[in-house]
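Observations on the model geometry
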Amino acid sequence: MASTVFGTTAVIAVVVGVVLFLRLRRKPETRAGAYISATFLFLGAGILTMGSVSFASLESAALRTFTEQERAAAMPCDAAVLGAEETSNKLNGRYIWLLRLRVTPQAGSPYEIERTARLTSSMGERLERGGVVLPCLVARTDNTRIEIPALA
């Protein structure tokens, strides 16, 4: 939802900036309007960049959903929730939570990672208290790629 708002706002600002610039730059008495339209253009580009960077960083840290082939090749593990913090970002009616996890693969040593997940309020509050261990899957070739079916 928020990425749609960022994108829509950016596109509107860019279109308004381009139209104003093209309409006003030809008349000497409206040169100030051309500068204002250029401001709209840069504002739209800035909003688009901020939105894409913000959501790209959230997406890169998100829990993954594996394909059937990846799921078949993945190794079982346990993910102990060390902490959960609600962010101010919301997607499709659910808040994005930052989770600190200790992942313990069946074959290998435990390690800690941070991931984001889109959770209901009740699930987020349950995880926030800590002490929850969830079954998970970890990719054999990249231990940062995990899937927790209970949170999908």
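A short tour of the structure in this document, coming up. What you see is a predicted model; the values in this text were computed from it and never measured.

Concerning the overall build of the protein
The helix and strand inventory of the protein stands at four helices and five strands. Beginning at the N terminus, the succession of helices and strands in the protein can be written as α-α-α-β-β-β-α-β-β. Within the protein, the proportion of its 152 residues that are buried is 32%. Taking all contacts inside the protein whose residues are at least 6 apart in sequence as the whole, residues at least 24 apart take part in 57%. For the protein, the accessible area works out to roughly 9,300 Å², and carbon and sulfur atoms hold 59% of it.

Observations regarding the state of the cysteines
Enumeration according to the criterion identifies one disulfide in this entry. Between the sulfur atoms of Cys77 and its disulfide partner Cys136 the distance amounts to 2.0 Å. Around the S-S axis, the bridge from Cys77 to Cys136 shows a dihedral of about -135° and counts as left-handed. Taken as a pair, Cys77 in strand E1 (residues 75-91) and Cys136 in strand E4 (residues 133-138) lie far apart in primary sequence, 59 residues in all. Of the residues examined, Cys77 reaches a relative accessible area of 4% and is grouped as buried.

Observations concerning the pairing of strand E2 (residues 94-105)
When E1 meets E2, the two strands line up antiparallel, connected through 11 bridges. Directly across from Ala80, in E2, lies its bridge partner Arg102. Joining the antiparallel neighbours E1 and E2 is a turn of two residues, in which Asn92 adopts a positive phi near 50°. From the end of E2 to the start of strand E3 (residues 111-119), which pair antiparallel, there are five residues, and Gly108 there has a positive phi angle of about 145°.

A closer look at the sheet that holds E2
A sheet is described by the order of its strands in space; here five strands give the open sequence E3-E2-E1-E4-E5, paired in antiparallel fashion. Because the sheet does not close on itself, it has two edges, and the strands there are E3 and strand E5 (146-147). Both E1 and E4 contribute to a ladder of six bridges, which runs antiparallel. Pairing of Asp78 across the sheet is with Pro135, part of E4.

Points about the environment of Arg100
Within the fold, Arg100 resides in strand E2. The exposure class of Arg100 is partly exposed, given its relative accessible area of 38%. For Arg100 and Ile113, which are 13 residues apart along the polypeptide, the C-alpha to C-alpha distance reads 6.0 Å. Not counting residues up to four positions away in its chain, the partners in contact with Arg100 are Ala80, Val81, Leu82, Gly83, Ile113 and Glu114.

What about a negative patch on the surface?
A contiguous patch of negative charge on the surface is contributed by Glu85, Glu86, Glu114, Glu125 and Glu128. Of all elements in the fold, only E1 and helix H4 (121-128) reach the threshold of two or more residues within the negative patch. One can find Glu86 in strand E1. On the basis of relative accessibility, which here comes to 37%, the residue Glu86 falls in the partly exposed class.

The rules behind the values
- Residues numbered from 1 in each chain as written.
- Predicted model: local features only at pLDDT ≥ 70, side-chain atom pairs only at ≥ 80, totals over all residues.
- Heavy atoms only, no water.
- Helix = DSSP H or I, 4+ residues; strand = E, 2+ residues; numbered from the N terminus.
- Buried < 20%, exposed > 50% of the residue type's maximum accessible area, 1.4 Å probe, protein only.
- Contact = heavy atoms within 4.5 Å.
- Areas by Shrake-Rupley, 256 points an atom, 1.4 Å probe, with all protein chains shown as cover.
- Disulfide = S-S within 2.5 Å.
- Pairing = 2+ DSSP bridges.
- Patch = residues over 30% accessible without salt bridge, like charges linked within 9 Å, V, L, I, M, F, W, Y side chains within 5 Å.
- Salt bridge = Lys/Arg side-chain N within 4 Å of Asp/Glu carboxyl O.
- Lys, Arg positive; Asp, Glu negative; His and termini not counted.
- Charge placed at Lys NZ, Arg CZ, Asp CG, Glu CD.

Don't take any of this as a statement about function, it's just geometry.
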